[in-house]
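# Analysis of the macromolecular model
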Amino acid sequence: QVQLVESGGGLVQPGGSLRLSCVVSGSIFKINGMGWYRQAPGKLRELVAVTQSGGSTNYADAVKGRFTISRDSAKNTVYLEMNSLKPEDTAVYFCNADVQRLGYGWSSQYWGQGTQVTVSS
């Protein structure tokens, strides 16, 4: 089994900052890509940012220059530093990881339960 647990969401005023964390645990052999997605009410889930095991990153245009994704491979943890937050960033943020489990020759996608981020004055 593999579990992803997010933390760090909450209520913040426009222009504020938050840092999300996601810890991956379980029978892990290797973690490839790790990323963050978000889903606002009435909208589809969308990519926010991803990072690959080699260090490359990719961001949605809406968050470029404001959000930073990073990972601590030793801790199986991915972070999302969010600055200059806007009301339109309000959503449930989900962690995603591409994980190869011990004893398996392939990887699968796993998701966290989500953490609410609300940007409002």
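Residues numbered from 1 in each chain as written. Predicted model: local features only at pLDDT ≥ 70, side-chain atom pairs only at ≥ 80, totals over all residues. Heavy atoms only, no water.

### Considerations on the pairing of strand β8 (residues 77-82)
Counting buried positions along β8 gives 5 out of 6 residues, so the element sits mostly inside the fold. Sheet analysis places strand β3 (residues 18-26) next to β8, joined by 6 bridges and oriented antiparallel. Each residue of the ladder has a partner; that of Leu 20, found in β8, is Leu 80. Here strand β7 (residues 67-72) pairs with β8 via 6 bridges, running antiparallel. Of the residues in β8, the one forming a bridge with Arg 71 is Val 78. Linking β7 to β8, which pair antiparallel, is a turn of 4 residues; within it Asn 76 sits at a positive phi near 50 degrees. (Buried < 20%, exposed > 50% of the residue type's maximum accessible area, 1.4 Å probe, protein only. Helix = DSSP H or I, 4+ residues; strand = E, 2+ residues; numbered from the N terminus. Pairing = 2+ DSSP bridges.)

### Description of the side chain of Glu 6
Mapped onto the elements, Glu 6 comes out in strand β1 (residues 2-7). With no salt bridge to any partner, buried Glu 6 finds its closest opposite charge in Arg 45, at an N-O distance of 7.6 Å. One polar contact links the side chain of Glu 6 to the main-chain amide nitrogen of Cys 95, over a distance of 2.8 Å. Engagement of the side chain of Glu 6 in a polar contact is seen with the backbone nitrogen of Gln 113, the distance being 3.1 Å. Setting aside chain neighbours within four positions, we find Glu 6 in contact with Ser 21, Cys 22, Trp 36, Tyr 93, Phe 94, Cys 95, Gly 112, Gln 113, Gly 114 and Thr 115. (Lys, Arg positive; Asp, Glu negative; His and termini not counted. Salt bridge = Lys/Arg side-chain N within 4 Å of Asp/Glu carboxyl O. Polar contact = N/O pair within 3.5 Å; in protein donor to acceptor, adjacent residues only side chain to side chain. Contact = heavy atoms within 4.5 Å.)

### Considerations on the nonpolar core
Nonpolar side chains in soluble globular proteins tend to end up buried together. Counting 31 residues, the largest nonpolar core has Val 24, Trp 36, Leu 80, Met 82 and Tyr 93 as the members making the most contacts within it. Contributing elements (two or more residues each) for this core: β1, β3, β4 (28-39), β5 (46-51), β7, β8, β9 (91-101) and β11 (115-119). With 5 residues, the single largest contributor to this core is β9. When residues no more than four places from it in sequence are discounted, the contact partners of Tyr 93 are Glu 6, Leu 20, Trp 36, Tyr 37, Arg 38, Val 48, Phe 67, Leu 80, Met 82, Gly 114, Thr 115 and Val 117. (Core = buried A, V, L, I, M, F, W, Y, C linked by side-chain atoms within 4.5 Å.)

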